[in-house]
Every structure is written in structure tokens, then in C-alpha cells.
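Inside the fold
Below are the chains, spelled out letter by letter.
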Amino acid sequence: MSEALMPLYARAQIEVERGEGVWLEARDGRRFLDCVAGIATCALGHAHPALVEALTTQAHKLWHVSNIFRIPGQEELAQKLTAATFADMAYFANSGTEAVEAALKIARRYHFAKGDVQRVDVIGFAGSFHGRTYGAINASGNPSYLEGFGPRLPGYHQLSIDDWASVQEAVSRPTTAAVIIEPVQGEGGARAFDGETLLALRRLTREHGVLLIHDEVQSGMGRTGKLFAHQWFPGAEPDIMAIAKALGGGFPIGAVLASAEASSGMGTGLHGTTFGGNPLAMAVGLAVFEILAKDEALAHVGAMSERFFTGFAALAARYPDQVVEPRGKGLLMGLKLHPNNREVMALAREHGLLVAGGGDNCIRLLPSLLIAPAEVDEALARLDATLADARARGWGKVDAQPALAGA
Ligand SMILES: *Cc1c(COP(=O)(O)O)cnc(C)c1O
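Residues numbered from 1 in each chain as written. Predicted model: local features only at pLDDT ≥ 70, side-chain atom pairs only at ≥ 80, totals over all residues. Heavy atoms only, no water.

Operational definition: UniProt positions are given in the numbering used here, feature names are shortened, and annotations may be inferred rather than shown by experiment.
If you look the protein up in an unreviewed UniProt entry, it shows as Acetylornithine aminotransferase from Novosphingobium pituita. Taken from UniProt, the Pathway (unreviewed entry) comment for the protein reads in full: "Amino-acid biosynthesis; L-arginine biosynthesis; N(2)-acetyl-L-ornithine from L-glutamate: step 4/4."

Next comes the structure, spelled out in C-alpha cells:
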């Protein structure tokens, strides 16, 4: 490992050389079935021909121009994203955390422009993840991302969504500007909120003139089987939505989508970016959208998700000593485990399967949305082998091992 790199990651000892579809190949020749997909980012798998074509064609024409010029790809992708959602307007950035920052700025500015200058507070929820910039870590409120990074920013409050009375109280305060929530918590451990919760939050925020921000950086772009996770629950639409990850299929893009009303405080010079929405990013984003926004692609996600969850139920029954419960939605999936999730992730690599970690001692599976049925079965078989191996090592909740048949 290079000592010239800041040691910010517990990196797996794999030097990835190339990828194709759901498969990754390391420099030493090992092949892995990739259920990480760059953390739900390579939604069309690796080296998808349509994306390679879009990127290389654009690369021969124009890489970058400043946002002081018109960028036709932005206009086109904004049009497609708004036509497919509640939103009227889009702003393009480079990453999820930048999309979240922009969402927070849009929300505060909305109230400011209306003269409600006291409305600055942002309510976030336990178990959430919104990125690593200052606004994002304060909005999430997760102590492990905040410790040592100076005073907590004023105007951010963290609540538990399970304590509804305190949510009602906080949203009704005249100083509250916005609530931010992931409809499916990703890093927190694949926790999918139900329609009742998301609809109640929508009603409550609207009743009090508070803006609702959905962070669909991970759950969006088809990951749950709808283009956006909140679209499972008509009426739950937010005022502002941050998206990124799969939007670029592996090319860095982020975006904020917002209603015209929520965007009404923004204007020339109030926000901006050098790189955001550059022609390369837009060429790839358009190619991704073209494929993922199709009904067949979304139906495929639903079918593959069902196949995974059927397999998970069988694994949970077979390995009650290892698996606490499957969770998640669509292909944003998690298994809460008895043994240490990090150790199981490393063990899965030995069985040629790449999975991500998650809060609440989960492993997460976030494969390409184009994963084929046989590849789902292969992932389940490798997971089965991993859990058997974990049991053989005496990991997990040993007293929960099922009695051997006939013993
Ligand atoms: C990954 C993620 C982010 C941050 O995105 P970056 O591109 O890493 O800045 C924000 N919110 C959610 C829900 C995420 O999953």
C-alpha cells in the first residue's frame, strides 16, 4: 500500500485491473462477482458498450467548458429528469455530497427570499448518510463523521424517525427550514422506510411550510425498481432531491432536482461549480438515463430483487446463526449479520464475491441493475459458501445453529 496515500480507507487487498458487466478482474488474475458496483454507482455494470461509446465520442469533440456557456447536454438531461419526476429544474454538480450541499442552500435561500429569515434549521435523521462535506456531515449528525472536525454547525438537528412526537415538534417550530431524509437509508444498513412514514413526513412538512429534501443519491436512478425510491408512494414527492451515484454509471455526476417553488430563492450568481455538468459527464449521464429509465430495465430490477430476496430468505433459514435478517428494497439490499460484517466481507472476497459494508452490522449487495438471473444465482451460491465458511470458523451466534437433521 502506498504511503503517499492518506490512510482514509480500510482497503481490500485487490488491485482491480478491468471490469465487464458484473465481473471484476484483479491484476493477479482473480475474478470477482461484483455486488458493490462502486457503491451502487456502476448501475449498468462495468464497461457497458453504450457508455464507452458515449464517453469516447464526446471525448473527441469537447471535454469541458465553463458554465458561463450553454451546455446542450445539461439542458437535455435536465429536461429528461424533470419530465420523469416532481421536479421543474435541475442543477448539475460532481458528486452526492455536492448535490446535498446545493439542496441545503436552495432550501435556506427559499425561506430567506420569502422574508422568513428565521427559518434556517435543518432536521436530519439517525442512521442517515449525506456525504462528507461540512453541511452533509452536520445534516446527517452521525457522531463518527463529526468528531474532531470542529464545532458542530448551528442550525442542524438530528432526530430518530421512530420518535414521531419529536419529529412533529421539530417540524412545527417557526425556525425550521427543511427536513432531509433518504427514502432508503444506504450506508445506514439498507433500511427502507415505508410509505406510511414517507407520506406522513410529506404531510407534516407541507402543513408547516417546511421543505422536504430527499437524498436519493443511493436509492435513485432505478436502484429500487422505480426510477426514484419515493415514486413507490404517490404523494410522497419531496420539494428538493439530491441524486448522484448511478446517474453517471461510474462517471462523476451529481444533481439537485427541485420544484419551481422550492427553487424560487435561487438566481444568477448564488451557486455554481467549475466542473459540474460538463459535456463529458452529460454525454454519459444521457446514455445512462436512456437505458435505466425504460420500463423494461425497472421491471428487471424488480424481478432480480425478488430472486435475491427469495434466496436471502432461504439463507436466513439455513444460517440463523449467521443472518439476523435480510433488508432493503429493489437491488439496494442488506443482510444484518450476527458475526462481524467486516470479517464476513473479507471472507466473501475469498469466495470471489464482493459485498459492501453498512451500518447496523450489515453487509450490502448493490449489484449492477442489469445483473442476469444466472449471475444472481451465482452471487447467492457464493454467499451460501461464505456463510457456511463463517459457521465452520465458529463465527456468529453459535447456539442458534439449527440441529442437524436426524441428530
Ligand atoms: C454516497 C452518498 C452520498 C455522498 O455521495 P458522494 O458522491 O460520495 O459525495 C450522499 N448521500 C447518500 C445517500 C449516499 O449514499
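A closer look at helix H2 (residues 49-61)
For the α-helix, the turn length of 3.6 residues means that residues three or four positions removed from each other point alike. The test is simple: Numbered from the N terminus, helices here are DSSP runs of H or I no shorter than four residues, and strands are runs of E no shorter than two. What a helix is expected to span follows from its residue count: subtract one and scale by 1.5 Å. Note on classification: 1.4 Å probe, protein chains only; a residue is buried when its accessible area is under 20% of the maximum for its type, exposed when over 50%, partly exposed between these limits. As used here, the arc belongs to the directions running from the helix axis to the C-beta atoms. Whether two residues touch is decided by their heavy atoms; if any such pair falls within 4.5 Å, the residues are in contact.
Here H2 is 13 residues long and its end C-alpha atoms lie 19 Å apart, about the 18 Å a rise of 1.5 Å per residue gives. Among all positions of H2, only Leu51, Ala54 and Gln58 are buried. Considered in projection along H2, the buried side chains sweep an arc of 65 degrees and stay on one side of the axis. In H2, the exposed positions angled more than 90 degrees off the buried face are occupied by Pro49 and His60. Those residues of H2 that are buried lie in contact with helix H9 (279-292).

A short note on the packing of aromatic side chains
Defined as follows: Each pair of aromatic rings taken from Phe, Tyr and Trp, with Trp reduced to its six-membered ring, is defined by centres within 6.5 Å and is described as stacked if the planes are under 30 degrees apart, edge-to-face if over 60, and tilted in the remaining cases. The criterion is that NZ of a Lys, or CZ of an Arg, lies within 6 Å of the ring centre and within 35 degrees of the ring normal, and then a charge sits over that ring.
Evaluation of the coordinates by the stated rule reveals 3 aromatic pairs. A centroid spacing of 5.4 Å and a plane angle of 70 degrees characterise the contact between Phe129 and Tyr145, whose relative ring orientation is edge-to-face. Separated by 16 residues along the polypeptide, Phe129 in the loop between strand S5 (121-125) and helix H5 (134-140) and Tyr145 in helix H6 (residues 143-146) bring together distant segments of the chain. Residue Phe129 is classed as buried on the basis of its relative accessible area, which comes to 16%. An aromatic cluster of at least three residues, connected via ring pairs, comprises Phe308, Phe309 and Phe312. Looking at Lys226, its charged tip hangs above the ring of Trp232, at a distance of 4.9 Å from the centre. Geometry around Trp232 places Lys329 over its ring, the cationic atom sitting 4.8 Å from the centre.

Topic: the site of the ligand
Selection criterion: Residues are labelled near a given molecule or strand when at least one of their non-hydrogen atoms is within 4 Å of it. Side-chain atoms alone can form a polar contact between residues adjacent in sequence; in general such a contact is a pair of N or O atoms within 3.5 Å, and within protein one must be able to donate a hydrogen while the other accepts it. Per-residue accessibility takes into account occlusion by the displayed protein chains alone, with areas from the Shrake-Rupley method and a 1.4 Å probe. Of the grid points, spaced at 1 Å and generated over the protein atoms alone, those admitting a 1.4 Å probe that cannot get out make up cavities, while open sets with protein on both sides within 12 Å along at least five of seven lines make up pockets; any residue with an atom within 4 Å of a point is treated as lining. More than half of a molecule's atoms lying within 2 Å of a cavity's or pocket's grid points is what places that molecule inside it. For this classification, Asp, Glu, Lys and Arg are treated as charged, while Ala, Val, Leu, Ile, Met, Phe, Trp, Tyr, Cys and Pro are nonpolar and the rest, including Gly, are polar.
Taken together, the neighbourhood of the ligand is formed by Ser95, Gly96, Thr97, Phe129, His130, Gly131, Glu182, Asp215, Val217, Gln218 and Lys245. At 2.8 Å, a backbone N or O of Gly96 approaches an oxygen atom of the ligand. The separation between an oxygen atom of the ligand and a polar side-chain atom of Gln218 is 2.8 Å. With the chains in place, 82% of the 380 Å² that the ligand exposes on its own is no longer accessible. More than half of the atoms of the ligand fall within 2 Å of the grid points belonging to the largest pocket. In terms of residue class, the shell around the ligand is built from 2 nonpolar, 6 polar and 3 charged.

Quick notes on the nonpolar core
Note the following rule: By nonpolar core we mean a set of buried residues, namely Ala, Val, Leu, Ile, Met, Phe, Trp, Tyr and Cys, connected to one another through side-chain atoms within 4.5 Å. What counts as a domain boundary in this text is fixed by an automatic or database domain assignment.
Of all hydrophobic cores here, the largest spans 61 residues; its most connected members are Leu81, Met221 and Phe308. When residues of this core are assigned to their parent elements, the largest contribution, 8 residues, is made by H9. Looking at which domains feed residues into this core, each of domain 1 (50-292) and domain 2 (295-365) gives three or more. Those residues in contact with Phe308 that sit more than four places away from it in its chain are Leu331, Met333, Leu365, Pro367, Ile371, Val376, Ala379 and Leu380. With 24 residues, the next largest nonpolar core counts Val122, Tyr156, Ala242 and Val256 among its residues.

Description of the packing of helix H7 (residues 164-171) against helix H8 (residues 195-207)
Just so we agree on the cut-off: Between the N-to-C directions of two axes lies an angle of 0 to 180 degrees, each axis being a line fitted to C-alpha atoms and, for a helix, fitted only over the stretch in contact. Roughly parallel refers to an angle under 35 degrees, roughly antiparallel to one over 145, roughly perpendicular to one between 65 and 115, and oblique to any angle outside these ranges. For any helix crossing, the convention is left-handed if the near helix is rotated counterclockwise from the far helix by under a right angle, and right-handed if that rotation is clockwise.
Contact geometry of H7 with H8 gives a least axis separation of 9 Å together with a crossing angle of 25 degrees. Between H7 and H8, the interaxial angle falls into the category roughly parallel. In the packing of H7 onto H8, the handedness of the crossing is right-handed. Of the residues in H8, those in contact with Trp164, Val167, Gln168 and Val171 of H7 are Ala200, Leu201, Leu204 and Thr205. Classifying every residue of the contact of H7 with H8 by side-chain character gives 6 nonpolar, 2 polar and no charged.

Comments concerning the state of the cysteines
Worth spelling out the cut-off: Note on disulfides: each one is a pair of cysteine sulfur atoms within 2.5 Å.
Taken as a whole and assessed by the stated rule, the structure comprises 0 disulfides. No disulfide involves Cys42; its sulfur sits 13 Å from the nearest other cysteine sulfur, which is in Cys35. With no disulfide of its own, Cys362 lies 15 Å from the sulfur of Cys35, the closest cysteine sulfur.

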